[in-house]
Amino acid sequence: MEGLWDFLRSLHDAYGINLVHFYDTFERTRLLRGMWTTIQLAATCVVLSVLIGIIGAWLQGSRFKILKGFVQGYIQFFRNTPPLVQMYFFYFALGPQMPRIENEYGIAQPMLGSFAWAVISLSFFAGAFNIEIFRSGVEAVQKATVEAADSLGFNRWQIYRLVVLPLAVRVCLPALNNNLVNLIKTTTQAYAIAVPETLYIASQIWSDRINVFEMMVTLLTFYLLLVGIFVWLMTRLERSLRVPGFGQ
Amino acid sequence: MSAGGNSNLILAPVAPPSSQGETGFLASAFTPRALGIALGLFASVALVSEAWAQLVAGGERLGILATLWKWAPLVLIGPPREFGGFALNILVSFLAMAIGTVSGLVLGLGLISKFAPVRSVSWAITQFFRNSPWLVLLFFVMLLTPFQFRIGGLTIPFPAWFKATVGLALPVMANVAEIVRGAVNSIPTGQWESAESLAFSRLQTLWRIILPQCVKRMIPPWMNWYAILTMSTPLISIVGVNDAMTLTQDALASEQRTDLLMPMYGMLLLFFFVYCYPIARWTIRLERKFAVRI
């Protein structure tokens, strides 16, 4: 590793290509920490938003009109307002209303930090899209299948969990994939409420070390890699879940 | 082509000039119920905060609704003699969409080019801009382009809001390119072959036969992207443009009242909702209307 860092250092001396965020231990550590935060943020939001999607799609099939109306209102509201304003609303408007707790030093601090609010707001945002996506999958499941399960004595939740959902997931996986990629890209917005994720750390480094261009290229490469790996994983999942007899 | 169109006109005895679905989108898009729910939600948040404020502080300060009324013009059209606020968000969305559409069309035609190098370069550009986060692209353009150009003695200013517009137009460009490619590929091969047999050149075929048929299919996804773009415009507040988000925060900073936080941000959400919801409804209707039936 040392050899590589020395080479990058020599690049700076010879050509002015400032890759300080690689060869300087301090900058490298905080950049890696930022990337880890992004990965954690993305993974948590992906899981939570998929859960919201699954539960929401189930609630949409409910018999209670009020419940259905509530889910519909949630979807329309979160789909048609800017995610950044949602995040500000959660963090700056709802955040201060939450009770404060004492930390180990006896200082009162908000119950939820910026990371938690970012997770909440991003999950709700992507979850609204996921409900629609799962609903389209649920609608694609043939009625006869549901009726067959019903006649075998499954109850409503069992039918949804054991029969409808496994089929629906396979139908809506491409659309879900798209939305989750979008979610991963939207995690950069957590920058606005000072979550120490990659973009936030990167902007600190480029202000400290004046290497905007090199940092930008690193940043874009990181996100392209992250999205690329995610898409690759999802394609593998798609292939392993494929139902024989559909598609090409 | 035109012969087919005419025969249709002649054969159909009474062509209904506008089907029932075309009675103007406002009437149906603003389904009174949905808008009512949105307004009701907002009003209840405002009223609850109002009551809370009265309870806590007594009648000395301006009520919540009165305060919102006071700041609404600033958030909507910006400070006097200056352009900003929600109107700037809309302007940026229009301009970014225009730039993105024109460049996306060119890029999309590059994607279906017969010439392999053009195709692969277009593919790389498209993938790059589609898969990068909007905010990172915005920073990229904001920080790495000059604030003015000097050509000879002429200085062309390049203001922050315009740079932000370009930054937002880049991902739109890549996505419009994909829409164009998808639409062109959805036209049956027979159209290409019959054009060829009529001795149309490739450019003529594309321009006079294929693209006109694509327009209908491209409109719903294109509008969808317009809505997404509009909802991304508050991002420009992060890079320091006087948009509705910045002004809302300025107003909150000058008021110094915690009871205003929810209503003020709520108002901003409502502005966007009222603008974007009808577009979403309209898109769904067009999608149904233009759906290709197999």
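## Some remarks on the overall build of chain A
- Looking only at helices and strands, chain A features ten helices and two strands.
- Listed N to C, the secondary structure of chain A is α-α-α-α-α-β-β-α-α-α-α-α in terms of helices and strands.
- The C-alpha radius of gyration of chain A comes to 23 Å, more than 25% above the 18 Å expected for a compact globule of 248 residues.
- Referenced to the eigenvectors of the C-alpha coordinate spread, the extents of chain A come out at roughly 75 × 55 × 35 Å.

## Considerations on the packing of helix α6 (residues 114-140) of chain A against helix α8 (residues 156-186) of chain A
Residues and elements named next belong to chain A.
- Their axes nearest at 8 Å, the elements α6 and α8 cross at an angle of 155°. Here α8 runs roughly antiparallel to α6, going by the angle between their axes. Crossing angle aside, the handedness with which α6 passes α8 is right-handed. Contacts between α6 and α8 pair L122, A126, F129, N130, I133, F134, S136, G137, V138 and A140 from the former with V164, A168, V169, V171, C172, A175, L176, N179, L183 and T186 from the latter.

## Side note on the domain arrangement of chain B
All names here are of chain B.
- Domain annotation of chain B identifies domain 1 (32-84 + 242-294) and domain 2 (87-241).
- When each unit is reduced to the centre of its C-alpha atoms, the spacing between domain 1 and domain 2 is 31 Å.
- In this assembly, 20 residues from domain 1 lie in contact with 18 residues from domain 2.
- Among the secondary structure elements, those contributing two or more residues to the side of domain 1 that touches domain 2 are α4 (64-77), α11 (244-255) and α12 (261-290).
- The element best represented in the side of domain 1 that touches domain 2 is α12, accounting for ten residues.
- When grouped by side-chain class, the residues that make up the side of domain 1 that touches domain 2 number 13 nonpolar, five polar and two charged.

## What to know about the confidence of the model for chain A
- Scored by pLDDT, chain A comes out at a mean of 89, with 98% of its residues at no less than 70.
- Across chain A, the secondary-structure element scoring lowest on mean pLDDT is strand β2 (residues 108-110) of chain A, at 77, and the one scoring highest is helix α3 (residues 25-60) of chain A, at 94.

## Focus on the pairing of strand β2 (residues 154-157) of chain B
All names here are of chain B.
- Pairing of strand β1 (residues 148-151) with β2, which is carried by four bridges, proceeds in the antiparallel orientation. Looking at β2, one finds that I151 is bridged to L154.
- In this antiparallel pair of consecutive strands, β1 and β2, the connection spans two residues, and G152 shows a positive phi of 60°.

## Considering the nonpolar core
- By size, the foremost hydrophobic cluster in this structure holds 122 residues, and its most contacted members are V85(A), A118(A), L135(B), V172(B), M173(B), Y265(B) and L268(B).
- Residue contributions to this core peak at 14 residues, all from α6(A).
- Those residues in contact with Y265(B) that sit more than four places away from it in its chain are V85(A), Y88(A), F89(A), F92(A), A93(A) and T248(B).

## Description of the interface of chain A and chain B
- Residue-level contacts link 29 residues of chain A with 28 residues of chain B.
- Among the elements of the structure, α4 (65-79), α5 (83-94) and α10 (212-241) of chain A are those that each provide at least two residues to the side of chain A that touches chain B.
- In terms of residue count, the dominant contributor to the side of chain A that touches chain B is α10(A) (eight residues).
- Taken together, the residues of the side of chain A that touches chain B sort by class into 21 nonpolar, six polar and two charged.

## Side note on unusual backbone geometry
Residues and elements named next belong to chain B.
- Residues other than glycine seldom take positive phi values, yet R81 does so here, at roughly 60°.
- Structurally, R81 can be placed in the loop between α4 and α5 (85-111).
- By C-beta crowding, R81 is classed as exposed, having 5 other C-beta atoms within 10 Å.
- Of note, A199 is a non-glycine position whose phi angle comes to about 70°, a positive value.
- You can see A199 is positioned in the loop between α9 (189-197) and α10 (202-232).
- Using a count of 7 C-beta atoms within 10 Å as the deciding quantity, one classes A199 as exposed.

## With respect to the packing of α5(B) against helix α6 (residues 116-131) of chain B
Residue and element names in this part refer to chain B.
- Two elements in contact, α5 and α6, have axes separated by 7 Å at closest approach and are oriented at 130°. Between α5 and α6, the angle is such that the two are oblique. Taken as a pair, α5 and α6 cross one another with a handedness that is left-handed. Between α5 and α6, the contacting residues are L107, G110 and L111 on the first element and V118, R119, S122, W123, I125 and T126 on the second.
- For the contact of α5 with α6, a count of residues per class yields five nonpolar, three polar and one charged.

Cut-off values and rules
The numbering scheme is per chain: residues are counted from 1 as the chain's sequence reads. As they are written, the chains are lettered A onward and the ligands numbered 1 onward, keeping that order. With the structure being a predicted model, the display of local features is reserved for residues of pLDDT at least 70 and the display and counting of side-chain atom pairs for 80 or more, all residues being used for whole-chain, interface and lining totals. In this description a helix means any DSSP run of H or I spanning at least four residues, a strand means any run of E spanning at least two, and both kinds are numbered starting from the N terminus. For the radius of gyration, the atom set is restricted to C-alpha positions; the globular benchmark scales as 2.2 Å times the number of residues to the power 0.38. Note on definitions: angles span 0 to 180 degrees between N-to-C directions of axes, and those axes are lines fitted to C-alpha atoms, for helices only across the stretch in contact. With respect to orientation, any angle under 35 degrees is reported as roughly parallel, any angle over 145 as roughly antiparallel, any angle of 65 to 115 as roughly perpendicular, and every other angle as oblique. Left-handed describes a crossing whose near helix is turned anticlockwise from the far helix by less than a right angle; the clockwise case is right-handed. With C-beta atoms placed from the backbone, a contact is any residue pair whose C-beta atoms sit within 7 Å. Each domain's extent is set by a domain assignment, obtained either automatically or from a database. Residues are sorted three ways: Asp, Glu, Lys and Arg are charged, Ala, Val, Leu, Ile, Met, Phe, Trp, Tyr, Cys and Pro are nonpolar, and all the rest, Gly among them, are polar. The predictor attaches a confidence to each residue, called pLDDT, with possible values from 0 through 100. When DSSP finds two or more bridges between two strands, those strands count as paired. What makes a nonpolar core is a set of buried Ala, Val, Leu, Ile, Met, Phe, Trp, Tyr and Cys residues, with links drawn between C-beta atoms within 7 Å. Working definition of burial: number of other C-beta atoms within 10 Å of the residue's own, with buried at 20 or more, exposed at 12 or fewer, and partly exposed in between, all C-beta atoms being placed from the backbone.

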